2 protein chains.
Amino acid sequence: MTTPAVADLLGVLAYGELVAFERIAADAAHAPTVGDKIELGRIAAAEFSHFEKITSYLQAHGIDPQVAMEPFVDVFNHFHENMAPNDWYEGLLKVYVGDGIASDFYREISAYLDEDARKVVDEVLSDNGHSEFAINRLREAIALDPKVAGRLALWGRRIMGEMISQAAMVAGTRMALAELFVAKNGPESGNELSGVVNRLTVAHSRRMDALGLAS
Amino acid sequence: MTTPAVADLLGVLAYGELVAFERIAADAAHAPTVGDKIELGRIAAAEFSHFEKITSYLQAHGIDPQVAMEPFVDVFNHFHENMAPNDWYEGLLKVYVGDGIASDFYREISAYLDEDARKVVDEVLSDNGHSEFAINRLREAIALDPKVAGRLALWGRRIMGEMISQAAMVAGTRMALAELFVAKNGPESGNELSGVVNRLTVAHSRRMDALGLAS
């Protein structure tokens, strides 16, 4: 059975993958070497195949993917317009940090779904080794020019802040998701929401630490 | 056995797919509807998977794909800089017509390769239904605004002209490919070359005809 909350979660996830595919492919076009271009291309293609997995699932459950994605189109477009990376490294950090936060967020929500839908989400969120690529390239850049660290630390904080506020906006307008959350957590909902934000923040700090950047 | 000519052909084909992937993904970002975005995204992802098939083949035959692609990087970059589409429809026509010409060209050359390499080329050049998508969308646009036809006819001619001259340049600088051609055709090489250009032109006209455009 596919509830409105499932349609919402898979809709936001699907559109997120589609836009990620586009953005990462655009970054690939500006990659400094052919090797980097190939790595990013591979990540972009993986995002698209995730996108297709989700839309297949939606279709198999009688939901039009375009209808499911529609409520989230503006929020993603707005986010990416606001957060256009200024160079190759900002782009890489956005892929690494942004994908990380998004994955954590989706996993938090998928805990509220039935097993069937949760399986699709888990499959789609599996890391395809692109964190490692981004970490290695970013570490190299920081080692070569320590000034880069300050700029990237700032950029990482902006990404985190912007994503949290966008997520809050989405949650605030999609009743089905909010209801699911409240139905499960009852009077503990407020605490549990703080818990979610807390866990996202801790995981974000860990990712920034892995680069030697302040979060 | 992998000859320098095979490395050249697969190198140019691989880099062409990689750049096509990037360009089509960029067009997807500017698609007028989410449905169009998905269609183009699917085409772009297919180009990337073709790219990976070719690079796997090269690697399995002891050739570094980056080395094989390197001689063709400038020519593709130059072509795409010169031929940046002005809008969504020019982009679609470029995908349809450009891919068509490129496929015809690669098929002509693959006739000179051993069966093993030819199989990879054939597999990679199979149409994944994207011609149909482009034809339908372009016909709709032309029906809605007949003025579009004149502009697109001109654009189609420019793509054809530019591709022929780029191909000639590549052929002129890659001795292995030229030698393969001459070795097989002997004194008939001049005639056979005219034959190739002729066949490419006829196929191009047929594609433009399918849109009701003068070629």
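The structure presented is a predicted model; accordingly, all values stated were derived computationally and were not measured.

A.B. asks: Where do I start with the overall build of chain A in this structure?
C.D. replies: Along the backbone of chain A there are 10 helices and zero strands. Walking chain A from its N terminus toward its C terminus, one meets helices and strands in the order α-α-α-α-α-α-α-α-α-α. The C-alpha radius of gyration of chain A comes to 17 Å, within 12% of the 17 Å expected for a compact globule of 215 residues. Projecting the C-alpha coordinates of chain A onto the three principal axes gives extents of approximately 50 × 35 × 25 Å. Out of the 215 residues in chain A, the part that is buried amounts to 52%. Taking as baseline every contact in chain A between residues at least 6 positions apart, the subset at least 24 positions apart corresponds to 80%. Only carbon and sulfur atoms are counted for the fraction: they give 56% of the accessible area of chain A, which is about 9800 Å².

A.B. asks: Would you take a moment to explain the side chain of Asp104 of chain A for this structure?
C.D. replies: Residues and elements named next belong to chain A. Within the fold, Asp104 resides in helix α5 (residues 88-110). A relative accessible area of 19% means that Asp104 is categorised as buried. In contact with Asp104, other than residues within four places in its own chain, are Leu200, Ala203 and Arg207.

A.B. asks: Even after reading the chapter, I still don't get the pattern of salt bridges, so can you show me in this structure?
C.D. replies: Side-chain pairing between opposite charges can occur once the charged atoms of the two side chains come close. This model, assessed by the stated rule, comprises 24 salt bridges over all chains. Among the salt bridges present, the one from Glu90 of chain B reaches Arg151 of chain B, with a minimum N-O distance of 3.0 Å. Of this pair, Glu90 of chain B sits in helix α5 (residues 88-110) while Arg151 of chain B sits in helix α8 (residues 147-173), and the two are 61 residues apart along the sequence. The exposure class assigned to Arg151 of chain B is partly exposed, which follows from its relative accessible area of 34%. Through salt bridges with shared partners, one network takes in Asp36, Arg137 and Glu140 of chain A.

A.B. asks: What should I look at first to understand the packing of α5 of chain A against helix α10 (residues 189-210) of chain A in this one?
C.D. replies: Two quantities define a packed helix pair, namely the angle between the helix axes and the distance between the axes. Residue and element names in this part refer to chain A. Remark: α5 packs on α10, axes separated minimally by 10 Å, with the N-to-C direction vectors making an angle of 150°. For the element pair α5 / α10, the angle class is roughly antiparallel. Every pair of crossing elements has a handedness; the one defined by α5 and α10 is right-handed. Where α5 abuts α10, its residues Tyr96, Val97, Gly100, Ile101, Asp104, Phe105 and Glu108 lie against Val196, Arg199, Leu200, Ala203, His204, Arg207, Met208 and Ala210. Across the contact of α5 with α10, the residue classes break down as nine nonpolar, two polar and four charged.

A.B. asks: Which parts of the structure should I look at to understand the interface of chain B and chain A?
C.D. replies: When the parts of a complex come together, some accessible area is lost, and that lost area is often taken as the interface size. Between chain B and chain A, the contact holds 21 residues from the first and 21 residues from the second. Together, the buried faces of chain B and chain A total about 1700 Å²; carbon and sulfur atoms form 72% of this surface. Between Arg42 of chain A and Glu52 of chain B there is a salt bridge, with the nearest N and O atoms lying 2.6 Å from each other. Along the contact surface separating chain B from chain A lie four residue pairs in polar contact (both at pLDDT 80 or more). Secondary structure elements with two or more residues in the side of chain B that touches chain A: α1 (4-29), α2 (34-60) and α3 (65-69) of chain B. A total of 11 residues in the side of chain B that touches chain A trace back to one element, the largest contributor, which is α2 of chain B. Taken together, the residues of the side of chain B that touches chain A sort by class into 14 nonpolar, three polar and four charged.

A.B. asks: What should I look at first to understand the environment of His130 of chain A in this one?
C.D. replies: Among the structural elements, His130 of chain A can be located in helix α7 (residues 130-144). Owing to a relative accessible area of 10%, His130 of chain A belongs among the buried residues under this scheme.

A.B. asks: Which parts of the structure should I look at to understand the relation of the copies chain B and chain A?
C.D. replies: The relation between the two chain copies is a rotation about an axis coupled with a shift along that axis. Rotating chain B by 180° and translating it 0.0 Å along the rotation axis places it on chain A, where the RMSD comes to 0.0 Å. Considering both components of the superposition, the chain copies are consistent with a two-fold axis. Residues of chain B ranked by C-alpha distance from the rotation axis are headed by Ala45 of chain B, positioned 2.6 Å from it. When the interface residues of chain B are mapped onto chain A, 100% of them again lie at the interface, so the same face is used by both copies.

A.B. asks: Could you clarify how one ought to interpret the side chain of Lys37 of chain B in this entry?
C.D. replies: In this structure, Lys37 of chain B sits in helix α2. When its relative accessible area of 8% is taken as the criterion, Lys37 of chain B is described as buried. Here the side chain of Lys37 of chain B touches Glu22 of chain A through a polar contact of 2.9 Å, side chain to side chain. Ignoring any residue separated from it by four or fewer positions in sequence, one finds Lys37 of chain B in contact with Tyr15, Leu18 and Glu22 of chain A together with Ala28, Ala29 and Ala31 of chain B.

A.B. asks: Could you clarify how one ought to interpret the environment of Lys94 of chain A in this entry?
C.D. replies: All names here are of chain A. With respect to the helices and strands, Lys94 occurs in helix α5. Counting along the chain gives 25 residues from Lys94 to Lys119, while the straight-line C-alpha distance between them is 26 Å. Here Lys94 is in contact with Phe79, His80, Met83, Pro85, Asp99, Trp155 and Ile159, once residues within four sequence places are set aside.

A.B. asks: Would you mind going over the packing of aromatic side chains with me for this structure?
C.D. replies: Here a ring pair, both rings aromatic, is described through the centre-centre distance and the interplanar angle of the planes. Following the criterion strictly, the structure yields 11 aromatic pairs over all chains and no others. Between Tyr112 of chain A and Phe181 of chain A the ring centres are 5.4 Å apart and the planes differ by 45°, which places this aromatic pair in the tilted class. Separated by 69 residues along the polypeptide, Tyr112 of chain A in the loop between α5 and α6 (115-125) and Phe181 of chain A in helix α9 (residues 175-185) bring together distant segments of the chain. The burial state of Tyr112 of chain A is the same as that of Phe181 of chain A; both residues are buried. Measuring from ring centre to ring centre gives 5.3 Å for Phe48 of chain B and Phe51 of chain B, while their planes differ by 45°; the resulting arrangement is tilted. Here the residue Phe48 of chain B and the residue Phe51 of chain B both occupy positions in helix α2, the gap between them amounting to three residues, near one helical turn. The pair formed by Phe48 of chain B and Phe51 of chain B is uniform in burial state, with each residue classed as buried.

Reading guide: rules and limits
Residues numbered from 1 in each chain as written. Chains lettered and ligands numbered in written order. Predicted model: local features only at pLDDT ≥ 70, side-chain atom pairs only at ≥ 80, totals over all residues. Heavy atoms only, no water. Helix = DSSP H or I, 4+ residues; strand = E, 2+ residues; numbered from the N terminus. Rg over C-alpha atoms; globule rule 2.2 N^0.38 Å. Buried < 20%, exposed > 50% of the residue type's maximum accessible area, 1.4 Å probe, protein only. Contact = heavy atoms within 4.5 Å. Areas by Shrake-Rupley, 256 points an atom, 1.4 Å probe, with all protein chains shown as cover. Salt bridge = Lys/Arg side-chain N within 4 Å of Asp/Glu carboxyl O. Axes fitted to C-alpha atoms, helices over the stretch in contact; angles between N-to-C directions. Parallel < 35°, antiparallel > 145°, perpendicular 65-115°, else oblique. Left-handed = near helix turned anticlockwise from the far one by under 90°. Nonpolar A, V, L, I, M, F, W, Y, C, P; charged D, E, K, R; others polar. Buried area = accessible area lost by both parts, 1.4 Å probe. Polar contact = N/O pair within 3.5 Å; in protein donor to acceptor, adjacent residues only side chain to side chain. Least-squares fit on C-alpha atoms with pLDDT ≥ 70 in both. Phe/Tyr/Trp six-rings, centres within 6.5 Å; stacked < 30°, edge-to-face > 60°.

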